[in-house]
Amino acid sequence: MAPSDTVGGGVAVVTGAGRGIGRAIALRLAAAGHPVVAAARSRTELEATAAEAPGVRPVVADVAVEADVERIAATAAAAGDLRIWVNNAAVADRVAFGELDPEGWDQVMGINLRGAFLGCRAAWRLMLAAGGGVIVNIASLSGVANVEKFPGLAAYNVSKAGVIALTEAVALEGRPHRIRCLALSPGAVDTEMLRRAAPQLRAGVTPEQIAALAVWLTGEDAAPLSGVNIPVFSNA
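Everything quoted here is computed from the prediction, not taken from an experiment.

Engineer: Account for unusual backbone geometry, naming residues and giving values.
Structural biologist: Unlike most non-glycine residues, N146 shows phi in positive territory, near 65°. Counting through the fold element by element, N146 comes out in the loop between β5 (133–138) and α5 (154–174). N146 sits in the exposed class, given a relative accessible area of 83%. At R178, a position not held by glycine, the phi torsion is positive, near 65°. You can see R178 is positioned in the loop between α5 and β6 (179–186). For R178, a relative accessible area of 67% puts it in the exposed group.

Engineer: Describe in detail the pattern of salt bridges, supporting the description with residues and values.
Structural biologist: Tallied over the full model, the rule gives five salt bridges. Across the pair E52 and R23 runs a salt bridge, and its minimum N-O distance is 3.2 Å. Here R23 lies in helix α1 (residues 20–31) and E52 lies in helix α2 (residues 43–52), a separation of 29 residues in the sequence. Ionic pairing is found between D68 and R71, a salt bridge with its closest N-O pair at 3.3 Å. Separated by three residues within a single helix, D68 and R71 lie in helix α3 (residues 66–79), roughly one turn from each other. Salt bridges linked by common partners bring E66, E70 and R121 together as one network.

Engineer: Explain the nonpolar core residue by residue, including any values.
Structural biologist: Counting residues in hydrophobic clusters, the biggest one holds 38 residues, and the most contacted among them are I72, L82, W85 and I135. The set of elements that each furnish at least two residues to this core consists of β1 (11–15), β2 (36–40), α3, β4 (82–87), α4 (102–130), α5 and β6. Here this core takes nine residues from α4, the largest share from any one element. In this structure I72 touches V13, V37, A39, V59, A61 and W85, once residues within four positions along its chain are discounted.

Engineer: Break down the pairing of β6 for me, citing the residues and quoting the values.
Structural biologist: Counting buried residues in β6 gives eight out of eight residues, a clear majority hidden from the surface. The pairing of β5 with β6 spans six bridges and is classified as parallel. When the sheet's bridge partners are listed, I138 is paired in β6 with L184. The parallel pair β5 and β6 is bridged by α5, and the resulting crossover is right-handed. Bridge count between β6 and strand β7 (residues 229–232): four bridges; the pairing is parallel. Counterpart to S185 in the pairing with β7 is P231.

Engineer: Give me the lowdown on the state of the cysteines, citing residues and values where you can.
Structural biologist: Within the structure shown, the criterion is met by zero disulfides. Free cysteine: C181, not disulfide-bonded; nearest cysteine sulfur from C120 at 4.6 Å.

Engineer: Tell me about the sheet that holds β7, and please be specific about residues and values.
Structural biologist: Hydrogen bonding along the main chain pairs the strands of a sheet, whether they run parallel or antiparallel. A sheet is described by the order of its strands in space; here seven strands give the open sequence β3-β2-β1-β4-β5-β6-β7, paired in parallel fashion. Of all strands in the sheet, those with a lone pairing partner are β3 (56–60) and β7, marking the two edges. Each adjacent strand pair in this sheet contributes to an overall mean axis angle of 15°, direction not counted. Bridge analysis of β1 against β2 gives four bridges, and the strand direction is parallel. For V14, the partnering residue across the bridge sits in β2 and is A38. Lying over the sheet, α5 contacts β5, β6 and β7, oriented at roughly 160° with respect to β6.

Here is what the cut-offs are and how they apply
Residues numbered from 1 in each chain as written. Predicted model: local features only at pLDDT ≥ 70, side-chain atom pairs only at ≥ 80, totals over all residues. Heavy atoms only, no water. Helix = DSSP H or I, 4+ residues; strand = E, 2+ residues; numbered from the N terminus. Buried < 20%, exposed > 50% of the residue type's maximum accessible area, 1.4 Å probe, protein only. Salt bridge = Lys/Arg side-chain N within 4 Å of Asp/Glu carboxyl O. Core = buried A, V, L, I, M, F, W, Y, C linked by side-chain atoms within 4.5 Å. Contact = heavy atoms within 4.5 Å. Pairing = 2+ DSSP bridges. Right-handed = clockwise from strand over helix to strand, strands pointing away. Disulfide = S-S within 2.5 Å. Axes fitted to C-alpha atoms, helices over the stretch in contact; angles between N-to-C directions.

Pasting the structure below:
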């Protein structure tokens, strides 16, 4: 994929970039010629991602913490015009609903939904200055209405439904400013998080396949799209 295939060759941010889908997206954007700010809570995993591609700048951060997200944004701003921000960081702890306490609920909401909000807000501010850009929120089939759900994932399901609603709201207000916002909702992807949260599911999609879709959404071929959620069902 050449740099011209994505938005303007500008700076990209990817959260949850230490492993899985986020890592695959960060590497694909770097291969397309973008300076990439890769954020995650694990320094070791981030350094492994950065070692895979020149131009990847690791930032150890917790997306639920406002100051950390502002630090991610400042790193991106120092690198140039922000054009792409991918909110991918997420957790999925499997807890039976009757045993789910407010602290566990808040932790999932903090990373999955508050983190996406803080990322969208930080991206919005930088993209206003840059003249536009694309925000991609990685949601989940677990947040899509009338799709099969699994026990123990109530907080995760609700958080991802919120990410989809957030995407629509940001896209609506972003339209006059040339800021697109889209959600991508994969099903069972071959990641450590899936193996931990839903080991009974057979992964039918790879992180690299989701990365290809996410990066395509940032490009000119996808320019007519904003405010949509794209569910990804596996044929496996």
